[in-house]
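Results of the structural survey
Next come the chains, spelled out residue by residue.
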Amino acid sequence: MPTALITGATAGIGAAFARRLAADGHTLVLVARDESRLAETADRLKLRYGVPVEVLPADLSAEEGLSRVESRCREGVDLLVNNAGFTLRGRFPDNAVEDELRMLKVHCEAVLRLTLAALPGMKARGRGAVINVASVAGFFASSSYGASKAWVINFSESAAAGARADHVRVMALCPGYVRTEFHQRASMDMSGTPGFLWLSADRVVGEALRDLSLGKWVSVPSLRYKIVVSAGQLLPRRLVSRLSARIGR
Ligand SMILES: NC(=O)c1ccc[n+]([C@@H]2O[C@H](COP(=O)([O-])OP(=O)(O)OC[C@H]3O[C@@H](n4cnc5c(N)ncnc54)[C@H](OP(=O)(O)O)[C@@H]3O)[C@@H](O)[C@H]2O)c1
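As a starting point, this report considers the structure included with it. (Residues numbered from 1 in each chain as written. Predicted model: local features only at pLDDT ≥ 70, side-chain atom pairs only at ≥ 80, totals over all residues. Heavy atoms only, no water.)

Structural notes on the packing of aromatic side chains
One pair of aromatic rings is described through two measures. These are the centre distance and the angle between the planes. Rule in force here: Put simply, two rings from Phe, Tyr or Trp (the six-membered ring, in Trp's case) pair if the centres are within 6.5 Å, and we call them stacked under 30 degrees between planes, edge-to-face over 60, tilted for the rest. In DSSP terms, a helix is any run of H or I states spanning at least four residues, a strand is any run of E spanning at least two, and both are numbered starting from the N terminus. The buried label applies to any residue whose accessible area, calculated with a 1.4 Å probe on protein chains only, is under 20% of its type's maximum; exposed applies above 50%, and partly exposed to all values in between.
Scanning all chains against the criterion turns up three aromatic pairs. Ring geometry for tryptophan 151 against phenylalanine 155: centres 4.8 Å apart, planes inclined by 5°, an arrangement best described as stacked. Here phenylalanine 155 and tryptophan 151 lie together in helix H5 (residues 144–163), a separation of four residues that amounts to about one turn. Overall, the relative accessible area of 31% leaves tryptophan 151 in the partly exposed class. Residue classification places phenylalanine 155 among the buried positions, given a relative accessible area of 16%.

Description of helix H3 (residues 63–75)
Condition: Here a helix's expected span is defined as the number of its residues, less one, multiplied by 1.5 Å. Here a residue-residue contact requires only that any non-hydrogen atoms of the pair lie within 4.5 Å.
When the terminal C-alpha atoms of H3 are compared, their 19 Å separation across 13 residues agrees well with the 18 Å that a helix rising 1.5 Å per residue should span. Lining the buried residues of H3 we find strand S1 (3–7), strand S2 (27–32), strand S3 (53–57), strand S4 (79–82) and helix H4 (97–125).

Describing the pairing of S1
Test applied: Pairing between strands is defined by DSSP: at least two bridges between them are needed. With the strands aimed away from the viewer, a crossover counts as right-handed if its path from the first strand over the helix to the second runs clockwise.
Most of S1 is tucked away, with five of its five residues classed as buried. Residues Thr3, Leu5 and Thr7 of S1 are buried on one face, and the alternating residues Ala4 and Ile6, pointing to the opposite face, are buried as well. As paired elements, S1 and S2 share five bridges and run parallel to each other. For alanine 4, the partnering residue across the bridge sits in S2 and is leucine 28. Tracing the backbone out of S1, into helix H1 (residues 12–23) and back to the parallel element S2 gives a crossover that is right-handed.

A few points about the state of the cysteines
Stated precisely, the cut-off is as follows: Note on terminology: disulfide denotes any pair of cysteine sulfur atoms within 2.5 Å.
Applying the stated criterion across every chain yields a total of zero disulfides. Take cysteine 73: it sits in no disulfide, and the sulfur closest to it among the cysteines is that of cysteine 108, at 17 Å. Cysteine cysteine 108 shares no disulfide, and the gap to the nearest cysteine sulfur, in cysteine 174, comes to 13 Å.

Here's the deal with the pattern of salt bridges
We apply this condition: A carboxyl oxygen of Asp or Glu within 4 Å of a side-chain nitrogen of Lys or Arg is what we treat as a salt bridge.
The tally for this structure, following the rule as stated, stands at 22 salt bridges. A salt bridge links glutamate 70 to arginine 74; the nearest nitrogen and oxygen atoms lie 3.8 Å apart. Pair noted here: glutamate 70 and arginine 74 are both in helix H3, with a separation of four residues, about one helical turn. Lysine 123 is the partner of aspartate 166 in a salt bridge, and the nearest nitrogen-oxygen pair spans 3.8 Å. On the criterion of sequence distance, the pair formed by aspartate 166 in the loop between H5 and strand S6 (169–173) and lysine 123 in helix H4 is long-range, its members being 43 residues apart. Assessed through its relative accessible area of 27%, aspartate 166 is described here as partly exposed. According to the relative accessible area criterion, lysine 123 is partly exposed, its value standing at 32%. Linked through salt bridges whose partners overlap, the residues forming this network are Glu63, Glu70, Arg74, Lys105, Glu109 and Arg113.

Examining the pairing of S2
Counting buried residues along S2, six of its six residues qualify, which places the element largely inside the surrounding structure. Alternating residues of S2 divide into Thr27, Val29 and Val31 and Leu28, Leu30 and Ala32, and every residue in both groups is buried. Of the strand pairs in this sheet, S2 and S3 are connected by five bridges, and their pairing is parallel. Paired with leucine 28 across the bridge in S3 is valine 53. Between the parallel elements S2 and S3, the chain passes through helix H2 (residues 35–49) in a crossover that is right-handed.

Focus: the site of the ligand
Spelled out, the test is: Here a residue is considered near a molecule or strand provided that any single heavy atom belonging to it is located within 4 Å of it. N or O atoms within 3.5 Å of each other form a polar contact, as long as, within protein, one can give a hydrogen and the other can take it, and as long as residues adjacent in sequence are counted only when both atoms are side-chain atoms. For every accessible area listed, the method is Shrake-Rupley and the probe measures 1.4 Å; residues are considered covered only by the protein chains on display.
Lining the immediate surroundings of the ligand are 31 residues, of which Thr10, Arg33, Asn83, Tyr145 and Thr180 lie closest. Here an oxygen atom of the ligand sits 2.8 Å away from a polar atom, N or O, in the main chain of valine 178. One of the side-chain nitrogen or oxygen atoms of threonine 180 is found 2.6 Å away from an oxygen atom of the ligand. Summarising the interface, the protein chains cover 97% of the accessible area of the ligand, which totals 890 Å² for the free molecule. Every element with two or more residues in the shell around the ligand is listed here: H1, H5 and helix H6 (182–185). The leading source of residues in the shell around the ligand is H6, at three residues.

Observations concerning unusual backbone geometry
Here the amide bond leading from phenylalanine 92 into proline 93 is cis, since omega sits at 10°, within 30 degrees of zero. On the secondary structure map, proline 93 appears in the loop between S4 and H4. Positive phi, normally seen in glycine, also occurs at histidine 167, with a value near 65°. You can see histidine 167 is positioned in the loop between H5 and S6. Residue class for histidine 167 comes out exposed when judged on its relative accessible area of 60%. Even without being a glycine, serine 187 presents a positive backbone phi close to 50°. Here serine 187 shows up in the loop between H6 and helix H7 (201–213). Take serine 187: its relative accessible area is 47%, and that puts it in the partly exposed class.

By themselves, these observations are geometric and do not establish any function.
Spelled out as structure tokens, the structure:
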């Protein structure tokens, strides 16, 4: 049975990955901070899908938590899903520098270190994959959140190029708006966001796994967000930045 380690596996996109990968017969290693929620999630998955589920409570913004998950990745996983993430309520430069650094630690340092820890085992076995959850925001210069996700996209493409010869896949997953706990956790009022812009976490995961099997390096779920990303790449960068800052407001 292949083993999948998913960070941020108790809610939203990470929980959808856990359900889908369990249904596909993966052994799971679930990472998040809230221990009781992790245990409940693991029990539900074991009962429903009959797969082994390991829990690894860890705060990826803290050195101790991150290095424990890093060690688990070194022991060997077949699929790593670097999904844990959050956004900040305030806009740059109104947030405390500690909060900005915490976001970079979870979005960039954790993604870098867990990928580095998992890749050697995958390369030695000649199979394996890493999915790094970025965002459509990573294609637009609109916030420090978007800047951290731009790093995830660029890093994933570089890692994908380097791992290809060893039959290991690395892919950045770039969703648009997804109905999860993400915006509520940052106390963001999303009531003005049109309904057609929202995707379900299950759909995002389904498209991501299909794109991974096709060997894509970057996955942008849904036609509507593929159009948004392509249009953003065709227009002048300054104009796109101004428009995305206005939409962000
Ligand atoms: N929702 C969207 O519209 C959207 C769009 C594009 C990209 N994304 C990206 O998708 C990913 C998942 O977001 P989501 O929407 O599914 O969010 P979510 O519903 O809020 O779930 C976040 C998950 O991450 C865990 N987590 C948060 N901080 C953590 C930390 N420091 N250490 C370990 N685990 C942590 C949470 O569990 P605990 O609180 O127990 O730790 C939870 O399991 C993120 O990287 C986000 O940036 C989301």
